[in-house]
Structure formats: C-alpha cells, structure tokens
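Okay, here's what each chain looks like letter by letter:
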Amino acid sequence: MSIKNNLSQVLHSLPNNVTLVAVSKTKPISDIEEAYETGQRVFGENKIQEMAQKWELLPKDIQWHMIGHVQRNKVKYMAEFVSLIHGVDSLKLLKEIDKQAKKHNRIIDCLLQIHIAEEQTKFGLNNEELDELISSPEFQQLKNIKVTGLMGMATFTDDNAQIQKEFKQLKKLFEKTKATIPEICILSMGMSGDYKLAIEEGSTMVRIGSSIFGARNYG
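Cut-offs and rules
Residues numbered from 1 in each chain as written. Predicted model: local features only at pLDDT ≥ 70, side-chain atom pairs only at ≥ 80, totals over all residues. Heavy atoms only, no water. 1 Å grid on protein atoms, 1.4 Å probe; cavity = no way out; pocket = protein on both sides within 12 Å on 5 of 7 lines; lining within 4 Å. Points joined across faces, edges and corners; volume = space filled by probe spheres on them. Helix = DSSP H or I, 4+ residues; strand = E, 2+ residues; numbered from the N terminus. Nonpolar A, V, L, I, M, F, W, Y, C, P; charged D, E, K, R; others polar. Phe/Tyr/Trp six-rings, centres within 6.5 Å; stacked < 30°, edge-to-face > 60°. Buried < 20%, exposed > 50% of the residue type's maximum accessible area, 1.4 Å probe, protein only. Lys NZ or Arg CZ within 6 Å of the ring centre and 35° of its normal. Axes fitted to C-alpha atoms, helices over the stretch in contact; angles between N-to-C directions. Parallel < 35°, antiparallel > 145°, perpendicular 65-115°, else oblique. Left-handed = near helix turned anticlockwise from the far one by under 90°. Contact = heavy atoms within 4.5 Å. Salt bridge = Lys/Arg side-chain N within 4 Å of Asp/Glu carboxyl O. Arc of directions from axis to C-beta.

1. A look at the layout of surface pockets
Each pocket or cavity is described by its volume, and for the second largest pocket that value is around 160 Å³. Lining the second largest pocket are Ile 134, Phe 139, Gln 140, Leu 142, Ile 145, Lys 146, Val 147, Thr 180, Ile 181 and Glu 183. Residue assignment for the lining of the second largest pocket shows that the elements contributing at least two residues are α6 (137-140) and β6 (145-152). If one sorts the elements of the lining of the second largest pocket by residue count, β6 sits on top with three residues. Residues that form the lining of the second largest pocket fall into these classes: six nonpolar, two polar and two charged.

2. Considerations on the packing of aromatic side chains
Applying the stated rule across the entire model yields two aromatic pairs. Ring centres of Phe 43 and Trp 64 lie 6.0 Å apart, and the angle between their planes is 40 degrees; on these two criteria the pair is classed as tilted. Taken as a pair, Phe 43 in strand β2 (residues 42-45) and Trp 64 in strand β3 (residues 63-66) lie far apart in primary sequence, 21 residues in all. Residue classification places Phe 43 among the buried residues on the basis of a relative accessible area of 0%. Ring centres of Trp 55 and Phe 81 lie 4.5 Å apart, and the angle between their planes is 10 degrees; this geometry places the pair in the stacked category. Of this pair, Trp 55 sits in helix α3 (residues 48-57) while Phe 81 sits in the loop between β3 and β4 (84-88); the two residues are 26 residues apart in sequence, bridging distant segments of the chain. By relative accessible area, which is 16% here, Trp 55 ends up buried. One residue, Arg 41, lies across the ring of Tyr 36, its end atom 3.5 Å from the ring centre. In this structure, Lys 60 packs its charged tip against the face of Trp 55, placed 5.0 Å from the ring centre.

3. What about the packing of helix α5 (residues 127-134) against helix α7 (residues 160-178)?
The packing of two helices is summarised by the inter-axis angle and the distance between the axes. Two numbers describe how α5 lies on α7: the axes approach to 12 Å, and their chain directions differ by 20 degrees. Considering their axes alone, α5 and α7 lie roughly parallel with respect to each other. In terms of crossing hand, the pair formed by α5 and α7 is right-handed. Note on element contacts: α7 touches α5 through Leu 173, Lys 176 and Thr 177, opposite Asn 127, Leu 130, Asp 131 and Ile 134. Across the contact of α5 with α7, the residue classes tally to three nonpolar, two polar and two charged.

4. Re the pattern of salt bridges
Inspection of the entire model under this criterion finds eight salt bridges. Lys 54 is the salt-bridge partner of Glu 45, the closest N and O atoms lying 2.8 Å from each other. Given the relative accessible area of 0%, Glu 45 is considered buried. For the salt bridge of Glu 50 with Lys 54, the shortest nitrogen-to-oxygen distance reads 2.8 Å. Pair noted here: Glu 50 and Lys 54 are both in helix α3, with a separation of four residues, about one helical turn.

5. Some words on helix α2 (residues 29-37)
Asp 31, Ile 32, Ala 35 and Tyr 36 are the residues of α2 that are buried. What you see down the axis of α2 is that its buried residues fit within an arc of 140 degrees, all on one side. A positive backbone phi angle near 115 degrees is found at Gly 39, which sits one or two residues after α2.

As structure tokens, this is what we get:
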C-alpha cells in the first residue's frame, strides 16, 4: 500500500481530538513529501541533525517534533525551528532548551517524559522527580519554554493489560499535574502497536511511523 493510503487509514481511525505525529525518522524526503501532499503537517524525528537537514529542504509550514532522547549539546541545532520536544526528562535539559530558545526569541513547547514502562532502558521522570521539577523555583523562572503536557512509552510487550495499566497510570499523573500546571493539554502516549489502547485511556497525541511509512530504514 502507498503512504497516502496508509496515512488515510490511520487518520480515519483517530478521533478528532487526537493529533497524529507521523514518525519520519530514517525515511527519505520523498516519503515525507508524499505524506505532506496528503495533508499531514506534523512529523516526528529522533535525531536532531537529521531533522535539521529535513527542515532545510521541506516546506516551512511543517511542525517538527523531536521525539527521541535529547542530548543537551545538540539543542542549539533545532532551537530555531522545532515545534515540540517530547522527551524532556530533566531540569538541566529544560534550562538548556530555555537558553537556546531565548537566543531565537522563541518559546519552545515541551513535554515532560514520564517513566511508565517496566523496562529499565526507557528514559523518563518518576512521580517524585516530576513533583520536584515542577515545584522548583528554577522551573518557575524559565521564560522561553512552555510545558504543554506529559509523554510516556509503555513496555514493549504483547500483554495488553500491562500496557493499559501503564497508560492509566500516566493519565492519572497527567490529571494530577494539571493542578500545578493548568495549561497542560497534551497527553502523548501510543505508537503503531498500541495507539488504539492509548486513545481509549485518554491520549491526545500518538506517534505512528511503521503503519504509515513501512519498516524503518536502519542503514
């Protein structure tokens, strides 16, 4: 099937209140152009340099989301254009994004990444670290970032009950965080394999790659 057909199928399966991030990492410009021509405007990348190269070459109304783990020394390469940074898991990283955003006279939207999976390989804050971060005076002083929501990745497993439990946990934390940061509105959870379950549990943003573009190209 073509990217156009795949994308149409995915979009058809999403409620109106859910934003689709088309995960274009490792994919060529031509694939993104095909999705763009179908009407998709939000794309997710996990490597900053690759995203910056694509930003240079593609239409400027594309919203670029950084969905991978972010190294602080590379924030400067995307600060000029990135729309949303998904994987923010420390105050140090937030401060660096704030510093680089200020240089471009921008406010950069960020999602705080929460560790909900049982796997130890996933990044993210635990509940206590989240509380500590958002209640710290340093966080309150950051003027060039805006925390717009939370993000989490479930355990990579076929056990739907396990995945559902983790999504419920994140949704509960999202509601609790709203008491401190009332303006948060994005709950980013769900990928190609589990996005329907994530939407049932309250996700407002899903990251889907292989269901649109096919298997990834790790050359």
